[in-house]
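Here's the letter readout for the chains.
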Amino acid sequence: MHDIISLIEILSIFIIVAVAGSRLARYFPKVKLPLITGLLITGVICGPYVLKIVPREAYESLSFLREITIAFIAFAAGSELYLNEMRGRLKSIRWMTLGQLVFTFVFGSILVFLLSDFVPYMKEQPVLYSIAISLLTGTIFVTRSPASAIAVINELRAKGPFTQTLLGVTVVKDFLVIILFGIVLSIAESIFKNTSFNFVSITFILIELILSFLTGYFLYLLLRFLLSLKIEKYYKTFFILVLGFLTYQLSHLVRDNSIELTGHRLHLEPLLICLVSSFYLTNFSKFRSEFLQIIEDISDVIYVVFFIYVGISLDLEIFYSIWPIAFIFFGIRCVSIIFGSLFGTWKANDPGKYYPVSWMPYISQGPVALGLTAVIANQFPDWGPQLLTIIIGTTVINHLLGDPLLKFSIRYVGEDRSRAHLQKDGKARRALIFGYENQAVALANQLKANGWKPEIITTDSEYKNNRIDNIELVYFDSLTYKNLETIKAGKADSFVALLTDEENLEICELAYQKYGTKDLIVRLNDRANFNKFHNLGALIVEPSTAIVSLLDHFVRSPQATSLLLGMQKDQDTRDIELLNPNLHGIYLRDLRLPPDLIVLSVKRGGQMIISHGYTRLRLGDVITLVGTISSLENVSLRFAK
């Protein structure tokens, strides 16, 4: 009873610290520091060495939190490995992954072993033990941070072959490193338990891997069944976390009882089990979208708990004595990554401009590195916590330098698609609005707010010298082809005609004859002229009937109408053209769209087609989507060339 009360007290204190830490950490990005640095520092300050809010025994008492969060990290890593979206860059992904996996692991392990005399927890160890520690450390060096990579890519709206490769390598590498970790951990356990490493040991390692994969597939079946149930999403979230925790309990159970049955201690790797189940669920089930949504919804809470826990577990006395080793390990990892990246770029025959920056996107580390090291610290309590302390230090260094290097590399190869960057290069979408009036100015401001570059054109000499804040106003004495060419009207994406029907018709005919059919939007003044504009492919707005029609739709379907008009908070409707060749031929159902997006229609060759889950998309298709603005931005990024 006393133990339960003590656990409740420690857990309550931890929750308070975690909530406070999540608030404080939000200020770190404002001073260009990673969010995880804020969480780690909060954990350290509240831990047993500074303010002593959380007692030392919390590390063991709250070990179940470590297991739940690490299992979730494996679920999240597996969910990022989506095969349908990687096929276009498979060659580059394959060679870059191989180069970094081999070079970083082998080169990193060798250098750590050569420097073992300078590492406090290694210099007194027998040679064989030092080899095992070096191999485990080399495995940690391989890990990357998918979360930070995705965050930077989204921030820059990055798109292109370099970005596709780095994202694919980041995800695949974390998938493979967990498999590698399972093998190396089994080898290290054999060495430290003085078990002779021979053919029998190799056989048992293979058996452990096979059993882990089979258990992962069984967990996938359980997850699929869970997601098929008609219950609330928060119940499903809870049971997913429980299944992750039970995976660890199963591993402990097998490890503790297998020696009596087989004469050998079998180790099922929980990280690998969760990773395999998540991979199967993401690629081979119809519950992919729901699973991804659950992962996204709970990820912030999980990462707060994990990083606060890791910060609390940091031994400052050890860190003070070995902090220079963190910088040495950082240097070793960087050198290994550089060689691996150069090899991968060379074998994949990637463009020469990639060589100077090919290594920069892979510096940052995150939850996977700390999760694997936390496992090592738990398995080898004599020296594991010291390794964890060093890896925490290198992770902070890697994040401080890794994210800026990733941004620089993306900009260097020309794949920065951020709004400011596009507008600076003159590539923002243009809209020419003909007619200077209140509606024209309101429309221009709204387009400007959505990332467009609107220009208002007037032929009224009264407004010749007028100025509009942040909107370009152009005066012509007449709407001739020659005048329009001076502003490169042929490169505009949309024409909006708000003049008289005669002037509007002149504009539409110029656009149709000289520039090809553009997106022509016309405000009609006289119903008798409807067919003239319709024959030119214009989209016609009739003020006399538009309000009545709009009110009719509001009465019959208020939710849908307000959604389509962008009146719902943080919701919008958007036409997005498919320009990404890697998505050509993909089924609509396999797009892995965010769950808060709905496909309204697909337009191909100017014709609306009846779309369903098995509609194959083609380059040039215009997909109409409705959903949250952030999700629409992400999909626009993925669809871009």
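Look up: the structure comes first, before these words.
Residues numbered from 1 in each chain as written. Predicted model: local features only at pLDDT ≥ 70, side-chain atom pairs only at ≥ 80, totals over all residues. Heavy atoms only, no water.

Some words on unusual backbone geometry
Among all residues except glycine, the phi angle is most often negative; among peptide bonds, the trans geometry is most common. Phi is positive for K52, close to 60°, though the residue is something other than glycine. Tracing the backbone shows K52 in the loop between α2 (35-46) and α3 (58-61). Looking at K52, the relative accessible area reads 60%, which means it is exposed. For N349, which is not glycine, the phi torsion reads 55° and is therefore positive. Position of N349 relative to the elements: it lies in the loop between α13 (316-347) and α14 (367-379). The class for N349 is exposed, based on a relative accessible area of 59%. (Helix = DSSP H or I, 4+ residues; strand = E, 2+ residues; numbered from the N terminus. Buried < 20%, exposed > 50% of the residue type's maximum accessible area, 1.4 Å probe, protein only.)

Structural notes on the packing of aromatic side chains
How two aromatic rings sit relative to each other is given by the distance of their centres and the angle of their planes. In the structure shown here, the tally under the stated rule is 22 aromatic pairs. Judged by centre distance (6.3 Å) and plane angle (35°), the ring pair of Y303 and F307 falls under tilted. Placement of both Y303 and F307 in helix α12 (residues 288-313) is noted, with a separation of four residues, approximately one turn of the helix. In this pair, the class of Y303 matches that of F307, namely buried. By way of ring pairs, the aromatic residues Y217, Y220, F279, Y280 and F284 are connected into one cluster. Positioned over the ring face of W95 is K347, at 4.8 Å from the centre of the ring. (Phe/Tyr/Trp six-rings, centres within 6.5 Å; stacked < 30°, edge-to-face > 60°. Lys NZ or Arg CZ within 6 Å of the ring centre and 35° of its normal.)

Side note on the pairing of strand β5 (residues 519-523)
Regular strands place side chains that alternate from one sheet face to the opposite one. Here strand β4 (residues 494-497) runs beside β5; their pairing, made up of four bridges, is parallel. Considered in β5, the bridge of F495 is made with L520. Two elements, β5 and strand β6 (residues 539-541), share three bridges in a ladder whose sense is parallel. Its bridge partner being in β6, I521 is matched across the sheet by L539. (Pairing = 2+ DSSP bridges.)

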